[in-house]
Amino acid sequence: MFDLPGLHTIPDMSASILSKSGPPVASPIPLSFAVRVQRDPRPPERWRWVIVNDATEAVVQKSQGIYRNAREAWEAGRRKLGKPVTGGF
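Read on for a plain summary of the structure. (Residues numbered from 1 in each chain as written. Predicted model: local features only at pLDDT ≥ 70, side-chain atom pairs only at ≥ 80, totals over all residues. Heavy atoms only, no water.)

From N to C terminus, the chain includes one helix and five strands. Ordered by position from the N terminus, the helices and strands of the chain form the series β-β-β-β-β-α. Burial statistics for the chain: of 89 residues in total, 26% are counted as buried. Contacts in the chain between residues at least 24 apart in sequence constitute 23% of all its contacts with a sequence separation of at least 6. (Helix = DSSP H or I, 4+ residues; strand = E, 2+ residues; numbered from the N terminus. Buried < 20%, exposed > 50% of the residue type's maximum accessible area, 1.4 Å probe, protein only. Contact = heavy atoms within 4.5 Å.)

Examined against the element boundaries, D54 turns out to sit in the loop between β4 (46-53) and β5 (59-62). The spatial distance from the C-alpha of D54 to the C-alpha of S32 is 5.5 Å, given a sequence separation of 22 residues. If we skip the residues at most four places from it in the chain, D54 touches S32, F33, A34 and R36.

Encoded structure:
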């Protein structure tokens, strides 16, 4: 198990999967998370970040606050995920 700051504890499927016969076996797909930015459809234009599971695109966490632009939301989401905020936007 591992814990991302502010997120629910998530089983670390990248380390192992419990098999029906008992001992853990290596997972074929490591868990990976990414930040996505979404625009609120209501005026004024507001932005939020979401952290998603890369493999399934399932939302793991959403921002509570709103941001003035996409870049601010992306940087805040990257900080929450513990990743660098330079470049990549």
